[in-house]
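So the chains spell out like this:
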Amino acid sequence: MSADDNKKAAAQAALQHVTPGSVVGIGTGSTANHFIDLLAGIRHKIDGAVASSEVSAQRLRGHGIQVLDLNSVDDLPLYVDGADESNHNLQLIKGGGGALTREKIVAAVAGKFVCIADGSKLVDVLGSFPLPVEVIPMARSYVARQIVGLGGNPMWRDGFVTDNGNLILDVHNLEIMEAAKMEERLNNITGVVTNGLFARRPADVLILGTDDGVKVME
Ligand code: 5RP
């Protein structure tokens, strides 16, 4: 089985978390894309979706699924999204696709966050995957210097602009032992919009597609 087959298997397993007659929060990336494509098969059973990125919104609309503004949604029981890394406490690194801020907002609102990924994303310690940090453009150099002070090596994702009009610094060489503290510390740097650590609001369920079948952690 390829990594993509495993992503699709995880997405398929997440469908059972969808409550008929509800709005579904949808993430961004290749695993979330599988979920969107599968959700299309039950689109008549849901009231619509909230998307964490413009690209996911477009894909949802392409399937005839109504995309709603988060501000107009009273109840969002479920958010389904991928991740770049997860530890065994279901704390995540996200934002490889640059959608981390909207992803974090939708995850914050959702009653349940179901993370879907292929088995390679499960790690003991977060930080091998460079941690994305969304930054207000004029603060880029200042934020980068502050991150160096924390022991990280920030690399500007040159040429990439987020859906919010901001920049991304990918921070290498961080061994993240205390994820919630690191999340807070980075978010306290003036000019940071948010960072890709989902530790204060981790996933509630992690569904991993592996060569030995689908594994679920809660
Ligand atoms: C996008 C994300 C994605 O969930 C993450 O990058 C995983 O992507 P993929 O499903 O393609 O492996 O956080 O900002």
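Everything numeric in this text was worked out from a predicted model, so none of it was measured. (Residues numbered from 1 in each chain as written. Predicted model: local features only at pLDDT ≥ 70, side-chain atom pairs only at ≥ 80, totals over all residues. Heavy atoms only, no water.)

## Structural notes on helix α2 (residues 30-39)
For an α-helix, 3.6 residues make a turn, and residues three or four places apart therefore share a direction. Judged by how many residues are buried, α2 sits mostly within the fold: seven of ten residues are covered. Residues T31, A32, H34, F35, I36, L38 and L39 constitute the buried set of α2. The inward-facing, buried residues of α2 contact α1 (3-14), β1 (23-26), α3 (54-62), β3 (78-81) and β6 (112-118). (Buried < 20%, exposed > 50% of the residue type's maximum accessible area, 1.4 Å probe, protein only. Helix = DSSP H or I, 4+ residues; strand = E, 2+ residues; numbered from the N terminus. Contact = heavy atoms within 4.5 Å.)

## Examining the site of the ligand
As a structural note, the neighbourhood of the ligand is formed by 17 residues, with S30, T31, D84, G95 and K121 the closest of them. Within the contact set of the ligand, an oxygen atom lies 3.5 Å away from a backbone nitrogen or oxygen of G96. In the model, an oxygen atom of the ligand is placed 3.0 Å from a nitrogen or oxygen of the E103 side chain. Notes on the ligand: free accessible area 380 Å², of which the protein chains cover 91%. A majority-of-atoms criterion places the ligand in the second largest pocket. (Near = heavy atom within 4 Å. Polar contact = N/O pair within 3.5 Å; in protein donor to acceptor, adjacent residues only side chain to side chain. Areas by Shrake-Rupley, 256 points an atom, 1.4 Å probe, with all protein chains shown as cover. 1 Å grid on protein atoms, 1.4 Å probe; cavity = no way out; pocket = protein on both sides within 12 Å on 5 of 7 lines; lining within 4 Å. Sits in = over half its atoms within 2 Å of the grid points.)

## Overview of the pattern of salt bridges
Opposite charge on two side chains allows them to pair when their charged atoms are near. Inspection of every chain in the model, using the stated rule, returns nine salt bridges. Notably, a salt bridge pairs E54 with R102, separated by 3.1 Å at the nearest N-O pair. Of this pair, E54 sits in helix α3 while R102 is found in helix α4 (residues 100-109), placing the two residues 48 residues apart along the sequence. Overall, the relative accessible area of 43% leaves E54 in the partly exposed class. Accessibility expressed as a relative area gives 23% for R102, which makes it partly exposed. Notably, a salt bridge pairs E178 with K181, separated by 3.4 Å at the nearest N-O pair. Of the residues examined, K181 reaches a relative accessible area of 47% and is grouped as partly exposed. Here the residues in one salt-bridge network are D81, K94 and E103, joined through shared partners. (Salt bridge = Lys/Arg side-chain N within 4 Å of Asp/Glu carboxyl O.)

## Re the sheet that holds strand β7 (residues 131-135)
Hydrogen bonds along the backbone pair up the strands of a sheet, which may run parallel or antiparallel. The strand order β8-β9-β7-β10 describes an open sheet built from four strands, whose pairing is antiparallel. Of all the strands in the sheet, just β8 (153-156) and β10 (192-195) have a single pairing partner and so form its edges. Taken over all neighbouring pairs, the strand axes of this sheet differ in orientation by 30 degrees on average, direction set aside. Bridge count for β7 against strand β9 (residues 167-172) is five bridges, and the pairing is antiparallel. Each residue of the ladder has a partner; that of V135, found in β9, is L167. (Pairing = 2+ DSSP bridges. Axes fitted to C-alpha atoms, helices over the stretch in contact; angles between N-to-C directions.)

## Some points on the sheet that holds β6
The mixed open sheet is built from six strands, whose spatial order is β2-β1-β3-β6-β12-β13. In this open sheet, the two edge strands, each paired with only one partner strand, are β2 (48-51) and β13 (213-217). Adjacent strand axes in the sheet meet at a mean angle of 20 degrees, parallel and antiparallel pairs treated alike. Both β6 and strand β12 (residues 205-210) contribute to a ladder of five bridges, which runs parallel. For D118, the partnering residue across the bridge sits in β12 and is G209.

## Side note on the packing of aromatic side chains
Counted by the stated rule, this structure contains two aromatic pairs. The interplanar angle of 45 degrees and the centroid separation of 5.1 Å between the aromatic rings of Y79 and F113 together place this pair among those described as tilted. Separated by 34 residues along the polypeptide, Y79 in strand β3 and F113 in strand β6 bring together distant segments of the chain. Clustering of aromatic rings is evident, with ring pairs tying together Y79, F113 and F198. Over the aromatic face of F198 sits the side chain of K104, whose NZ or CZ is 5.3 Å from the ring centroid. Positioned above the aromatic ring of W156 is the side chain of R140, whose terminal nitrogen or guanidinium carbon lies 3.6 Å from the ring centre. (Phe/Tyr/Trp six-rings, centres within 6.5 Å; stacked < 30°, edge-to-face > 60°. Lys NZ or Arg CZ within 6 Å of the ring centre and 35° of its normal.)

## Regarding the domain arrangement of the protein chain
Partitioning the protein chain into domains gives domain 1 (3-124 + 200-217) and domain 2 (131-195). One C-alpha centre belongs to domain 1, the other to domain 2; they are set 24 Å apart. Contacts between the two partners involve 14 residues from domain 1, matched on the other side by 19 residues from domain 2. Three residues stand out in domain 1 for area buried against domain 2, namely L100, K104 and R200, and they jointly supply 41% of the buried area on that side. (Domains from an automatic or database assignment. Buried area = accessible area lost by both parts, 1.4 Å probe.)

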